Amino acid sequence: MAWRAHSRSAEQSAALRRAARRAEAAGQGMAVLDLDGCLFDNRPRQLGILRAWAASAGQAEALAALSVGHFMDWDLQATLRRAGIPKPWIERHYEALRAAWWRGFFSSDWMHLDEPLPGAVAFTRGLAQAGLRPVYLTGRDDTMRPGTERALARAGFPWGDGRAALYTKPEAAEADHLWKARALAEIIPPEPLIVGADNEPANVNLYLNHAPDAVVLWLDTDHSPKPEPVHPEALPVRGFLS
Ligand SMILES: [Mg+2]
């Protein structure tokens, strides 16, 4: 597990082609797409939050070596250790840094730093042009909606066209996987799920259990600790470049 969103392979090209062809063959239905770790790389957002905190705490120098490549999972202490930051510094500042990360990450304030994965915009536009309705289904909660809408528009994802839809979590405390299952079962207007994409194995499996004929991409970027095994029909990709 590591971010290699710029990589290409024959297997990845075939998976992306399969999704595009399935969309063209269907001509309607929905593409259920995750945001964090899937359409968007939010490591720049995390880096920006930590750097801003460091600057405000007079600790900018201590985090100077920290870069996007050090963010490999959701363990901030491990991220700091990878950057060579001394253990005593981490122990001394971790609580404040973690609080700043939490406040910043779960808000709309820093999403302008998110970058679309290479090829993600073209891939999504292709699905929409084939007739699918892009349904952005995210674990971000309702308070994060304004920044998310701006980020979708700024990156050039289909948005604001009266078709694309964004579903954010009403209760921040609800587990992402349970929220997504509930949204598919009860909230999103029923339509055939033709293409799905997510970085969390549990969500990939949810889409395939919901729609066994769907083409579902599993983004091998990062995911929560102790993931469940990925459904054998899921198509692994590192990004969206063919
Ligand atoms: Mg995700």
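Residues numbered from 1 in each chain as written. Predicted model: local features only at pLDDT ≥ 70, side-chain atom pairs only at ≥ 80, totals over all residues. Heavy atoms only, no water.

Draft legend 1. Geometry of the overall build of the protein chain. The secondary structure content of the protein chain amounts to eight helices and eight strands. By the compact-globule yardstick of 18 Å for 242 residues, the protein chain fits well, its C-alpha radius of gyration being 18 Å. Dimensions of the protein chain, computed from the C-alpha atoms along their principal axes, are close to 55 × 35 × 30 Å. Burial analysis of the protein chain (242 residues in total) assigns 54% to the buried set. By sequence separation, contacts in the protein chain at least 24 residues apart represent 70% of the contacts at least 6 residues apart. With an accessible surface of roughly 11100 Å², the protein chain has 53% of that area assigned to carbon and sulfur atoms. (Helix = DSSP H or I, 4+ residues; strand = E, 2+ residues; numbered from the N terminus. Rg over C-alpha atoms; globule rule 2.2 N^0.38 Å. Buried < 20%, exposed > 50% of the residue type's maximum accessible area, 1.4 Å probe, protein only. Contact = heavy atoms within 4.5 Å. Areas by Shrake-Rupley, 256 points an atom, 1.4 Å probe, with all protein chains shown as cover.)

Draft legend 2. Layout of the nonpolar core. Grouped together as the largest cluster of nonpolar side chains are 34 residues, with contacts concentrated most on L39, Y136, L217 and F240. Those elements that place two or more of their residues in this core are α1 (10-26), β1 (30-33), α5 (120-129), α6 (145-155), β6 (193-198), β7 (215-219) and β8 (235-237). Each residue touching L217, except ones within four places of it in the same chain, is listed here: A15, L16, F123, G196, A197, D198, V204, L235, V237 and F240. Listed in part, the 20 residues of the second largest apolar core include L137, A165, A183 and A211. (Core = buried A, V, L, I, M, F, W, Y, C linked by side-chain atoms within 4.5 Å.)

Draft legend 3. Geometry of the coordination of the magnesium ion. Here the magnesium ion is held by D34 (OD), D36 (O) and N199 (OD1), and the distances to it run 2.0 to 2.1 Å. Counting residues between consecutive donors of the magnesium ion along the chain gives the motif D-x1-D-x162-N. Residue D36 is located in the loop between β1 and β2 (40-41), and its partner N199 is located in the loop between β6 and α8 (201-210); the two are separated by 163 residues in the primary sequence. (Donors = N, O, S within 2.8 Å, 3.2 Å for Na, K, Ca; no water.)

Draft legend 4. Expanded view of the pairing of β6. Among the six residues in β6, six count as buried, and that is most of the element. Judged from the four bridges that link them, β6 and β7 form a sheet pairing that is parallel. Of the residues in β7, the one forming a bridge with D198 is W218. For the crossover from β6 across α8 to β7, the handedness is right-handed. (Pairing = 2+ DSSP bridges. Right-handed = clockwise from strand over helix to strand, strands pointing away.)

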